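Descriptive analysis of the structure
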Amino acid sequence: AQSFLRSPKTGSAPRHRTMNDVIDWSYSLLREEDRSLLRKLSVFSGWWMLEHAERAFGTDAASPALDCVVRLVEASLIQMRDGRYSLFETVKQFAHTQLVLEGEETSARDSHLECIIERFTGARECWHGPEADKAAGRYEADLDNSRLALEWCITSGATEKGLFLVADAAAV
């Protein structure tokens, strides 16, 4: 680990010695449904909307995605700007490691792929419809996630889904 991420104080609490320890400590304080959603959100690239989290990883009715996301923002594990959310890079790396350790990566990536396919379905019609001027901003913000989903199609062998995604996203 890099020395600037370690505390120079020898008497500091173990949870404050490395950045990973700080994140691990914060993670351990979360509710299980919040930890689960945080792990799954690590498959998103860049900024995403609450709607994406709800589509891809809809949580149970007792704790909807909105509640989990609000708690994760309050815990400073997710940042919010202009109606979009993003994981801090160090948190994302930690959460992805936890996702892999829990054996949830394939399921999370499949859910992410389905979410992005659904997001881009109908994109072509939007470009030629009455709201064509709004279509660019709406879909361009999701291009990083479409690329990530396409990479997963290639990695997982979901060729047909990849072709549908490419066909729908090509309009963008």
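Remember, predicted model here, so these are calculated numbers, not experimental data. (Residues numbered from 1 in each chain as written. Predicted model: local features only at pLDDT ≥ 70, side-chain atom pairs only at ≥ 80, totals over all residues. Heavy atoms only, no water.)

**Let's talk about the overall build of the chain**
Selection rule: Here a strand is any run of E in DSSP of at least two residues, a helix any run of H or I of at least four, and the numbering for each starts at the N terminus. Burial classes: relative accessible area under 20% of the type maximum marks a residue as buried, over 50% as exposed, and values in between as partly exposed (1.4 Å probe, protein chains only). Here, residues are in contact when the closest pair of their heavy atoms is within 4.5 Å.
For the chain, the count of helices and strands is 10 helices and 2 strands. Mapped in sequence order, the helices and strands of the chain form the string α-α-α-α-β-β-α-α-α-α-α-α. The buried share of the chain, taken over its 172 residues, is 38%. Sequence separation of 24 or more characterises 62% of the internal contacts of the chain that already satisfy a separation of 6 or more.

**Examining helix H10 (residues 159-169)**
Convention followed: Along the arc lie the directions from the helix axis toward the C-beta atoms.
Those residues of H10 that fall on the buried side of the exposure criterion are Gly162, Leu165, Asp168 and Ala169. The buried residues of H10 occupy one face: seen down the axis, they fall within an arc of 130°. Exposed positions of H10 whose direction lies more than 90 degrees from the buried face are Thr159, Glu160 and Leu163.

**A few points about the confidence of the model for the chain**
Let me state the cut-off plainly: pLDDT is defined as a per-residue confidence score from the predictor, taking values between 0 and 100.
Here the chain averages 86 in pLDDT, while 85% of its residues score no lower than 70. The least confident element of the chain, judged by mean pLDDT, is helix H7 (residues 123-128) at 72; the most confident is helix H5 (residues 89-101) at 96. Every residue in residues 1-7 scores below 50 in pLDDT, and together they form 9 contacts with partners more than four places removed in sequence or on other chains.

**Details of the pattern of salt bridges**
Stated formally: For this analysis, a salt bridge means a side-chain nitrogen from Lys or Arg found within 4 Å of a carboxyl oxygen belonging to Asp or Glu.
Considering all chains together, one arrives at 14 salt bridges under this definition. In this structure, Arg39 and Glu32 form a salt bridge, with 3.4 Å as the shortest nitrogen-oxygen distance. Asp144 is paired through a salt bridge with Arg147; the nearest N and O atoms lie 2.9 Å apart. Here Arg147 and Asp144 lie together in helix H9 (residues 143-156), a separation of 3 residues that amounts to about one turn. By relative accessible area, which is 48% here, Arg147 ends up partly exposed. Here the salt bridges share partners, and the residues they tie into one network are Glu51, Arg55, Arg84, Glu118, Arg119 and Asp142.

**Quick word on the packing of helix H6 (residues 105-120) against H10**
The following threshold applies: Angles here are taken between N-to-C directions and fall from 0 to 180 degrees, while the axes themselves are lines fitted to C-alpha atoms, restricted in helices to the stretch in contact. Two helices crossing with the near one rotated counterclockwise from the far one by less than a right angle form a left-handed crossing, whereas a clockwise rotation gives a right-handed crossing. Throughout, the ten residues Ala, Val, Leu, Ile, Met, Phe, Trp, Tyr, Cys and Pro are labelled nonpolar, Asp, Glu, Lys and Arg are labelled charged, and all others, Gly among them, are labelled polar.
Two numbers describe how H6 lies on H10: the axes approach to 9 Å, and their chain directions differ by 35°. Like other packed secondary-structure pairs, H6 and H10 cross with a definite hand, here left-handed. Every residue of H10 that contacts H6 at Leu113, Glu114, Ile116, Ile117 and Phe120 is listed here: Lys161, Leu165, Asp168 and Ala169. Per-class residue counts for the contact of H6 with H10 are 6 nonpolar, no polar and 3 charged.

**Side note on unusual backbone geometry**
In this structure, Ser76 takes a positive phi of about 60° despite not being glycine. For Asp82, which is not a glycine, the phi torsion comes out positive at approximately 50°. Among the structural elements, Asp82 can be located in the loop between strand E1 (78-81) and strand E2 (84-87). Judged by its relative accessible area of 76%, Asp82 is exposed.

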